[in-house]
Every structure is written in structure tokens, then in C-alpha cells.
There are 2 protein chains.
Amino acid sequence: MAPIQNARVLFNSVPSGESAARGPNVLGSPSRRADYPAAPLNGGFLLKVLVLSVDPYFRGKIRAPEKKSYSPGFIIGAPLEGYGIGVVLRSETPGVEVGKYIYGLTIPHQEYLMLPELSDLEIIEKHPGLPWPAYVGAAGMPGKTAYVGWKEYSDAKPVTIPARTPLSALISGAVGSVVIQLAKQAGMKVIASAGSEEKVQYMKDLGADVAFNYKTTDTRAVLAKEGPINVYWDNVGSEVLEAALDFAAIHGRFSKCGMISGYNTGHQGIKNLKLVYGRSLNIHGILVFRLQAKYDKEFYATIPAKLASGEIKYAEEITRGQNKVGDDILAVRKGENKAKAVIVVAEE
Amino acid sequence: MAPIQNARVLFNSVPSGESAARGPNVLGSPSRRADYPAAPLNGGFLLKVLVLSVDPYFRGKIRAPEKKSYSPGFIIGAPLEGYGIGVVLRSETPGVEVGKYIYGLTIPHQEYLMLPELSDLEIIEKHPGLPWPAYVGAAGMPGKTAYVGWKEYSDAKPVTIPARTPLSALISGAVGSVVIQLAKQAGMKVIASAGSEEKVQYMKDLGADVAFNYKTTDTRAVLAKEGPINVYWDNVGSEVLEAALDFAAIHGRFSKCGMISGYNTGHQGIKNLKLVYGRSLNIHGILVFRLQAKYDKEFYATIPAKLASGEIKYAEEITRGQNKVGDDILAVRKGENKAKAVIVVAEE
């Protein structure tokens, strides 16, 4: 059998300046030929990539190599890398049989992949009622982020306890839309904000008691009326975080999951942190990969079935093929994507 | 018996501007006569004030009445109010017998006090080896703040666990000096900073492994060498907090107990809060009065004896009489006091 094409998406260069127009201008999509059907495996395995995820944290990886952060930067000249799912086509690795599905954070943006060992990737089972794209969204990292953060830190109490009110401030929706539903299932009142009318409507559809467009509505006015806030899920930072601090209840619990507002413009200083002790607040930083070992078993035992049955709703924006990854990254960065961005590289 | 003098210290006016020279210019010290030996008690009791405390939080109470904060502002024309201890001279209140000692947050700055009921004050027992001034310091609110915050949130681990290092950033010393000793007793390495060479030496005497003057030494250079920080006790805020965030270990625990640096100059925005999720940090706001009910019993059962025996060290700067309360407040504000400021109003 002849060598086949292996389309890839590379990180070409670090953009200069802090323009929002990152994404397309740093990415290329060259393919190269390789003899995957016949090349020696040397104890490893060959993966055919099915699904790749584009997430807000990509922005942090598009940076100069000398800048440090919690997630390693993309490597210039190498493929982008992120959450993805593939199927094993050939294998000499014990336990990694042909036909198994592999999930993990370090799947390169290319069609085929030769790997020497499983390393930090894992074998994943699919719920029969749930398609693979969901496994990088509500049944993957964003859903897990919501689940582990909520379980570990929210100390959720029903709204029958007076003034027990969460605010969920959402941009991408992929994490926040699960948080809204977990909060509602815990009996809480949910205040949610988003950057477009369409997303506001979606949050209402998910059960948010109050949903508003923070670009056209004054967050402080909403919180003055609907607060105080007992649980705050922060993907945003900056003015929204300051407003949430100002309307926090005593012993409020803040989960910090991102500060998307600062990714392009630099992080604004938060001036009212004295409220952290004034109101005895607890702030918890959440990175899913540091908590998921504790929760993975119960997450996979419960959430995919609830997604398949519709008990928990989710939404995706699927792009077929790798030709528009740059556009997808840009849309996620600008908040223009309507739902979790997923690239379907190949059907099974 | 004739009426007696009752010297008081009143809050005269809100100072204009944000000058550091608050304190003396807002306080007066008029006394008035009252017939305390014979006046009807109407079911209440007469307290002779022995000890009053001057604490950094006073700054927050010297404000315009319309400004809200966690602690009510001083009332113009009324005496200052704070932690203090008194002895009951006359009583018609059941359970509040003559000769009992009363402790609490709402003792006015005056020599004698008629009270209708115990309200939020409490009866306190004295350890025979410990003088009363200690009970508004290391055996009082500042010591309790250190104790409850440390017990509830530090998750202290011995230094034998690699890189398990606390930083204690101290200004007033009253809280921080207890934190240093609790951290050392937990087996941790302690990095401490203060604003004078004298305080630096005192921290070393208390057992700090590293102590430095943050006015003359670059905090970041110290932390780069001695960090990362697993536990951070923050009384300071601003640049010191930003530095601590930059050198925080993964899963670091930050206790926020004050932001003294911003009391006069306004609170500087904290720009690197993205590290809260990047490093999975936990930040806990501490106000002693919201935690002490949980810990009061064990605190009084253990700490006064350790203070009396010298197992835990403490220091005080005692002023006799109420004539220099304004100077004391100013010294605490400027960090010029050498140790916990206590006013001895009367001997027993």
C-alpha cells in the first residue's frame, strides 16, 4: 500500500503586538506524505485522529517560547496540539488494541499519528447515544472543568436557604453551560451573563433564572437587584470580577476558571480585593487536569448518559476538516462562536 | 460618694484627604463627670475599663458615616470603640457578678461604662501567669486571628515535604508574630518580611528561617531564592501580594487578613490574578469574628498557657492612660509601633 497524505496544522510564528486578530495569521496547513500503512511501529501504535478541540486556552499557547505559563506554548514549526480523540489503526503496544479509542490533551492537529506509547493519553469508552465530538466538549475537558470545579468548591446549597444565589459569568459557554445546569440541579438560583443575545437566550433555555448581555446591560445593576452572590464562577476577570466582588455575600465562594477578558488586552488590576477578607470570601483556582483524577470515574459514570438522554443539554459548533482551524481559534477568542468549537477531522 | 471623672476619647471629625497623618487630628480627650458609684443600674452593670487595644483596623473605622465596610465606622462625637477588658464594679445583671472580667470588641474608650446587659461582650478568665494586656494581643483578637486562620486554612505540612514553604508578610507583627510561631511548630520553613530592621530581628528571634526588610530588600529576589511559597499570610496586599502570586507553588494557600498598604493610598489593582487558576491557588479571606466561635474553646485552652510559659513569644508596646491614643493610632498606621499597641487605662 502506498504512502498517504497527512494534513497538519502548524504553528508558524508568534504574532507581533496584542491584536485580537491572532489565529489565521499564525497558522498554516501543509500536509506531508508518510508510509503509515506500512511503516514499522517499533512497539508503538498508529492513531487516526477523529476529533480535535479548539478552546479558549489556545490563546495562551500562542506565545513566544520564552514566556512561561501553566500550559506549554505551541512550538513554532510543529503542529498545534490540544484535546482530541483518535482510533487505533495499527498497534504493537500491549493494551492498546486496534479499534480502541484514545483521548487526551496532547493530540497534534494532524490526520495520522505514530506514537511510541500511550504516555499521558488514555483509552476512552463511548456511550452509545453520544457522538465523539461531545467527548471534547460537555463530556470532555470543558464539561469536566465545570464538574470538578463545581463538586470540589461550590458548596452548593438550595435556594431555599435565604440569599443563596450563584452568578455564572460565561463567555465560551462550553464550561459555563454545564455549570448553569449543575447549579440548577442543586436547587440554586442562577444569574448568567454572556456577550450576545443568542447566548443569553441559550442560557435561559438551559434554566438560568436571570440571563443578560453584559455588553448592553449594566452588570452591577443586575446584581444589585438579583444578588448577593454566594457562588461565582469566573471565566472573565476584570470589571465583571470586580462587580462580583462588590456584590458577594459573606462567605461567598469564587471559582476562578479563566480571565478571558485579559488574554488580548492585558490583565486589568483588580482593585477591590480587600472584600476577600471583609466578606470572608474563598477563591479557588481551577485547572481541570489537577483535579480530574479525583472525579474522572464518577464523571464518566454519570455525565455522558445525562448528555445522551438530554437531562444535561449541550451545544457544539462543528467544523469538518482542518482547513479553517485558524478561523475557529479566532472565533473562540472573539466570542463569536455560538457553541463549543469542535473540528471533525475524519469520520470513523 | 461624690460623682467621679470619666475620661473619654472621642471621634471628633472625619479627616479630609488621604493623608497618613490621621489619628491625632481627629481625636479629643474630654472627660465628664458622672455619679457612677451611686447611679441606678436598672438591671445592668458598671464596668471599670482596664485595657484597650489599638489595632490597624481602626484606620477603616475613621471614615465618613455613609461609607460602608465590614466594621461600622466610628461615630462622630462618640467615644472610639474597640477590643478591651474591664472589671465589673457593680452589677444587677444575672451571671455578671462583681469582680468578673469582661472582654469584647465594643468597649468604648472611656474609664467607666454603664451597660444594660452583656450583649456581645463575654466573661473572660485570666491565666494566672499572663497579664491583662496580653488578652487584647497574642491572647486576644490578633492571636485569635492568627490561630483561627492558620487552623482553618493553612493545611500546614512539614518542610520535609519538598518545597513546602510559607511566606509570612508582616507589618503590625501582632498577628504575624503568632503565625510565624504556629508555622514553625508545624515544621515549616518560614520566610518573613517587615518594614524595619528591629522587626526583622524580632522575626528571626521568633524562629523565622528567612527575615528581611521589604523596604530595603527586593521581595522578588528573596522569593526567587527561597520560594516557592506554599502558604502565604497576607496582611499587606499590593506589590507584596503580586510578588507572592508570582512565586506561589501549585495548590498554594493564601490567607488574606488585611491590605494595610492600601488603607491610606487606595488599593492598587492586582494584575496577576490569572495565576490563581494557572497555579490552582486557594485564597481565603479571614475575619476573626466569623471564625472564632469554632475555635474559641481550644484557643483559650492552649494559647494563654503557651504565652505564659514562653513557648509562644509575644511583644507589646504599652501606653499608660488615654492621653496619647491618637499618637498610638498614627504609629500603628505608619508601622512605627514596635509591637502590639495596648493602652492600660487602669490597674485593677
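Bear in mind the structure is a predicted one, so any value in this text is a computation, not a measurement.

With reference to specific residues and values, describe the overall build of chain A.
Along the backbone of chain A there are 10 helices and 17 strands. Relative to its 348 residues, chain A shows a buried fraction of 57%. Nonlocal contacts in chain A, meaning residues at least 24 apart in sequence, comprise 69% of its contacts between residues at least 6 apart. Per element, the accessible surface of chain A, about 13,900 Å² overall, is 54% carbon and sulfur.

Quick rundown of helix H10 (residues 325-334) of chain A? Include the residues and the values.
Residues and elements named next belong to chain A. Within H10, eight of the 10 residues are buried, which leaves it mostly tucked inside the rest of the structure. Taken residue by residue, H10 has Val325, Gly326, Asp328, Ile329, Leu330, Ala331, Val332 and Arg333 as its buried positions. At the C-terminal side of H10, Gly335 shows a positive phi close to 75°.

Describe the pattern of salt bridges, listing the residues and the values that go with them.
It is possible for side chains bearing opposite charge to pair when their charged atoms get close. Scanning the entire structure with this criterion turns up 22 salt bridges over all chains. We note a salt bridge from B:Lys306 to B:Glu311, for which the minimum N-O separation is 3.9 Å. Residue class for B:Lys306 comes out partly exposed when judged on its relative accessible area of 25%. Note on B:Glu311: relative accessible area 48%, which makes it partly exposed. One network of salt bridges, with partners in common, ties together A:Lys189, A:Lys225 and A:Glu226.

Explain helix H9 (residues 292-309) of chain A to me, and be specific about the residues and the numbers.
The largest bend along H9(A) reaches roughly 50° and is located at A:Phe299. Just downstream of H9(A) lies A:Gly310, where phi reads positive at about 90°.

For the side chain of A:Asn272, give the residues involved together with the corresponding values.
Residues and elements named next belong to chain A. Position of Asn272 among the secondary structure elements: in the loop between helix H7 (262-265) and helix H8 (275-278). Of the residues examined, Asn272 reaches a relative accessible area of 10% and is grouped as buried. Apart from the residues lying within four places of it in its own chain, the contact partners of Asn272 are Glu242, Leu245 and Asp246.

Residue-level account of the packing of helix H2 (residues 141-153) of chain A against H9(A), with values.
All names here are of chain A. Running from N to C, H2 and H9 cross one another at 115°; their axes reach a closest spacing of 10 Å. By the angle between their directions, the pair H2 and H9 is classed as roughly perpendicular. Between H2 and H9 the crossing geometry is right-handed. Across the interface between the two elements, Gly143, Lys144, Tyr147, Val148, Lys151 and Glu152 of H2 pack against Gln292, Lys294, Tyr295, Asp296, Glu298, Phe299, Tyr300, Thr302 and Ile303 of H9. Split into classes, the residues belonging to the contact of H2 with H9 amount to six nonpolar, three polar and six charged.

Any details on the relation of the copies chain A and chain B? Residues and values, ideally.
Of the transformation superimposing chain A on chain B, the axial component is 0.0 Å and the angular component is 180°, with the fit at an RMSD of 0.0 Å. Expressed as a symmetry operation, the mapping of one chain copy onto the other fits a two-fold axis. When C-alpha positions in chain A are compared against the rotation axis, the closest is assigned to A:Gly269, at 1.9 Å. With an isologous cut-off of 70% or more, the 100% of interface residues of chain A that recur at the interface of chain B puts this contact in the isologous class.

For the interface of chain A and chain B, give the residues involved together with the corresponding values.
Facing 30 residues of chain A, the contacting portion of chain B comprises 30 residues. When chain A packs against chain B, close to 2,500 Å² is buried across both sides, 59% of that on carbon and sulfur atoms. Inspection of the chain A/chain B interface yields zero salt bridges. The interface formed by chain A and chain B includes 11 residue pairs in polar contact (both at pLDDT 80 or more). Elements supplying a minimum of two residues to the side of chain A that touches chain B: strand E14 (248-256), H8 and strand E15 (282-285) of chain A. At four residues, the largest contribution of residues to the side of chain A that touches chain B is made by E15(A). Inspection of the sheet shows E15(A) paired to strand E15 (residues 282-285) of chain B by three bridges, in the antiparallel sense. Each bridged residue has a counterpart across the sheet, and for A:Ile283 the counterpart in E15(B) is B:Ile283.

Describe the packing of aromatic side chains, with residues and values.
The full count for this structure, using the stated rule, is 24 aromatic pairs over all chains. Seen in terms of ring centroids, B:Tyr57 and B:Phe58 are 5.3 Å apart; in terms of plane orientation they differ by 85°. Their pairing is edge-to-face. Judged by relative accessible area, B:Phe58 falls into the buried class, the value being 0%. Put simply, the rings of A:Phe11, A:Tyr57, A:Phe58, A:Phe74, A:Tyr83 and A:Tyr103 touch in pairs and so form one group of aromatic residues. Of note, A:Lys126 hangs over the ring of A:Trp132, and the distance from its end group to the ring centre comes to 6.0 Å.

Tell me about the packing of helix H5 (residues 219-226) of chain A against helix H6 (residues 238-246) of chain A, and please be specific about residues and values.
Residues and elements named next belong to chain A. Where H5 meets H6, the axes come as close as 10 Å, and the angle between the chain directions of the two elements is 25°. Relative to H6, the element H5 lies roughly parallel. In this structure, the crossing between H5 and H6 has a hand that is right-handed. Across the interface between the two elements, Thr219, Arg220 and Leu223 of H5 pack against Glu242, Ala243, Ala244 and Asp246 of H6.

Describe the pairing of strand E11 (residues 191-194) of chain A, with residues and values.
All names here are of chain A. The side-chain alternation of E11 yields two buried faces, one formed by Ile191 and Ser193 and the other by Ala192 and Ala194. Two strands pair when backbone bridges link them, and E11 and strand E12 (residues 210-213) are joined in this way by four bridges, in the parallel orientation. Residue pairing for E12: Ser193 is matched across the bridge by Phe212. In terms of handedness, the path from E11 via helix H4 (residues 197-206) over to E12 forms a crossover that is right-handed.

How would you explain the nonpolar core if you had to name every residue and give the values?
One finds A:Trp132 and A:Trp150 to be the most contacted residues of the largest nonpolar core, which totals 74 residues. Three or more residues apiece are contributed to this core by two domains, here domain 1 (4-137 + 315-344) and domain 2 (142-289) of chain A. In contact with A:Trp132, not counting residues within four places along its chain, are A:Leu50, A:Val51, A:Ile85, A:Tyr101, A:Ile124, A:Glu125, A:Lys126 and A:Glu348. Counting residues in each nonpolar core, the second largest holds 73 residues, with B:Val51, B:Ile62, B:Leu130 and B:Ile312 among its members.

Help me get a handle on the side chain of A:Arg253, residues and values and all.
Residue and element names in this part refer to chain A. Mapped onto the elements, Arg253 comes out in strand E14. What makes Arg253 buried here is its relative accessible area of 18%. At 2.5 Å, the side chain of Arg253 forms a polar contact with the backbone oxygen of Tyr153. Residues contacting Arg253, with those up to four places away along its chain left out, are Tyr153, Ser154, Asp155, Asn230, Val231, Tyr232, Asn282 and His284.

Tell me what's going on with unusual backbone geometry, and back it up with residues and numbers.
All names here are of chain A. Cis geometry marks the peptide bond from Gly227 to Pro228, where omega comes out at 5°. Note that Pro228 resides in the loop between H5 and strand E13 (229-234). Here His251, not a glycine, exhibits a phi torsion of approximately 65°, which is positive. For His251, the position within the fold is in strand E14.

Give me the lowdown on the environment of A:Asp296, citing residues and values where you can.
Take A:Asp296: it is sitting in helix H9. For A:Asp296, the contacting residues outside a window of four places in its chain are A:Glu122 and A:Lys144.

Reading guide: rules and limits
- Residues numbered from 1 in each chain as written.
- Chains lettered and ligands numbered in written order.
- Predicted model: local features only at pLDDT ≥ 70, side-chain atom pairs only at ≥ 80, totals over all residues.
- Heavy atoms only, no water.
- Helix = DSSP H or I, 4+ residues; strand = E, 2+ residues; numbered from the N terminus.
- Buried < 20%, exposed > 50% of the residue type's maximum accessible area, 1.4 Å probe, protein only.
- Contact = heavy atoms within 4.5 Å.
- Areas by Shrake-Rupley, 256 points an atom, 1.4 Å probe, with all protein chains shown as cover.
- Salt bridge = Lys/Arg side-chain N within 4 Å of Asp/Glu carboxyl O.
- Bend = angle between axes of the 7 residues up to and from the residue.
- Axes fitted to C-alpha atoms, helices over the stretch in contact; angles between N-to-C directions.
- Parallel < 35°, antiparallel > 145°, perpendicular 65-115°, else oblique.
- Left-handed = near helix turned anticlockwise from the far one by under 90°.
- Nonpolar A, V, L, I, M, F, W, Y, C, P; charged D, E, K, R; others polar.
- Least-squares fit on C-alpha atoms with pLDDT ≥ 70 in both.
- Buried area = accessible area lost by both parts, 1.4 Å probe.
- Polar contact = N/O pair within 3.5 Å; in protein donor to acceptor, adjacent residues only side chain to side chain.
- Pairing = 2+ DSSP bridges.
- Phe/Tyr/Trp six-rings, centres within 6.5 Å; stacked < 30°, edge-to-face > 60°.
- Lys NZ or Arg CZ within 6 Å of the ring centre and 35° of its normal.
- Right-handed = clockwise from strand over helix to strand, strands pointing away.
- Core = buried A, V, L, I, M, F, W, Y, C linked by side-chain atoms within 4.5 Å.
- Domains from an automatic or database assignment.

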